[in-house]
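# Descriptive analysis of the structure
Now for the letters of each chain:
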Amino acid sequence: TTSDTNDSSTPAIDNQVNTYKVKTSGGSLNMRSTSSVSGSVVLKIPNGTLLSITSISNGFGKTTYNSCTGWVSMSYLEKYTVPTSDSNMTYTVKTSSGSLNLRLAPSTSSRILTSVPNGTKVNVLEISNGFAKVIYKSYVGWLSMTYLK
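I will try to describe carefully the structure that is included in this document. This is a predicted model, so every value here is computed, not measured.

Each value, and the rule that gives it
Note on numbering: residues in each chain are counted from 1, in written sequence order. Local features in a predicted model are, by the rule used here, given only for residues with pLDDT of at least 70; side-chain atom pairs are given and counted only at 80 or more, and totals for whole chains, interfaces and linings are based on all residues. Note that the side-chain values use all heavy atoms of the structure and ignore hydrogens as well as water. Salt bridge criterion: a side-chain nitrogen from Lys or Arg within 4 Å of a carboxyl oxygen from Asp or Glu. Any residue under 20% of the maximum accessible area for its type is buried, any over 50% is exposed, and the rest in between are partly exposed; the area is computed with a 1.4 Å probe on protein chains only. Between any two strands, pairing holds if DSSP finds at least two bridges. Going along the chain from the N terminus, every DSSP run of H or I of four or more residues is numbered as a helix, and every run of E of two or more is numbered as a strand. Fitted lines through C-alpha atoms give the axes, limited to the stretch in contact for helices. The angle between two N-to-C directions lies from 0 to 180 degrees. Put simply, buried Ala, Val, Leu, Ile, Met, Phe, Trp, Tyr and Cys residues joined by side-chain atoms within 4.5 Å make one nonpolar core. In this description, contact between two residues means that some pair of their heavy atoms is separated by no more than 4.5 Å.

What follows concerns the pattern of salt bridges. Per the stated rule, a full pass over the model turns up one salt bridge. Notably, a salt bridge pairs Glu126 with Lys133, separated by 4.0 Å at the nearest N-O pair. Of the residues examined, Lys133 reaches a relative accessible area of 13% and is grouped as buried.

Written out as structure tokens, the structure is:
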């Protein structure tokens, strides 16, 4: 079987990002091709979605959602802070290799954001496809449930 643990052939990305929550009046948020309202809409992001903003330009934040990178208006984002721990949704990383890959999407083929050390406690926001969506440091990503106890 293939594990989703970090190895030396898969370097982790070092840059930290800021986490924001989409806050619209009920609709979705447009992701644009450029940091401008004149940029073409590349996709729509549902209200309440957590996003990692990697840079800000002209009042727009650069983010990746569903494997698509683009720009969203910061006017419709609010800074997201990790909620207080709910013991039912707190898990501990348990691997034999020392760390677990935190991925952009719930798939072992998804891009690695960083690695989470063995023994780290994480709060799970949701579960999908055998993966847990978590916030680790300032990353929002997915960990394999196989290695969470």
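Now that the structure is up, let's keep going.
Read from one edge to the other, the open sheet built from three strands follows the order β4-β1-β8, with strand pairing classed as antiparallel. Edge positions in the sheet fall to β4 (50–53) and β8 (77–79), since each of these pairs with one other strand and no more. Strand-to-strand twist in this sheet, taken as the mean axis angle between neighbours without regard to direction, amounts to 40°. Here three bridges tie strand β1 (residues 18–22) to β8, and the two strands are oriented antiparallel to one another. Looking at the pairing, Tyr20 lines up with Lys79 of β8.

So, on to the nonpolar core. Within soluble globular proteins, side chains that are nonpolar generally end up buried alongside one another. Counting 15 residues, the largest nonpolar core has Leu102, Val134, Leu143 and Leu148 as the members making the most contacts within it. Of all the secondary structure elements, the ones that give two or more residues to this core are β10 (99–103), β11 (112–117), β12 (121–128), β13 (131–136) and β14 (139–144). The element contributing the most residues to this core is β13, with three residues. If near-sequence neighbours (up to four positions away) are discounted, Val134 is found in contact with Leu102, Val122, Asn123, Val124, Leu125, Tyr139, Val140, Gly141 and Leu143. Among the nonpolar cores identified, the runner-up in size contains twelve residues, and Leu29, Leu43, Leu51 and Val72 belong to it.

So yeah, pure geometry; function would need other evidence.
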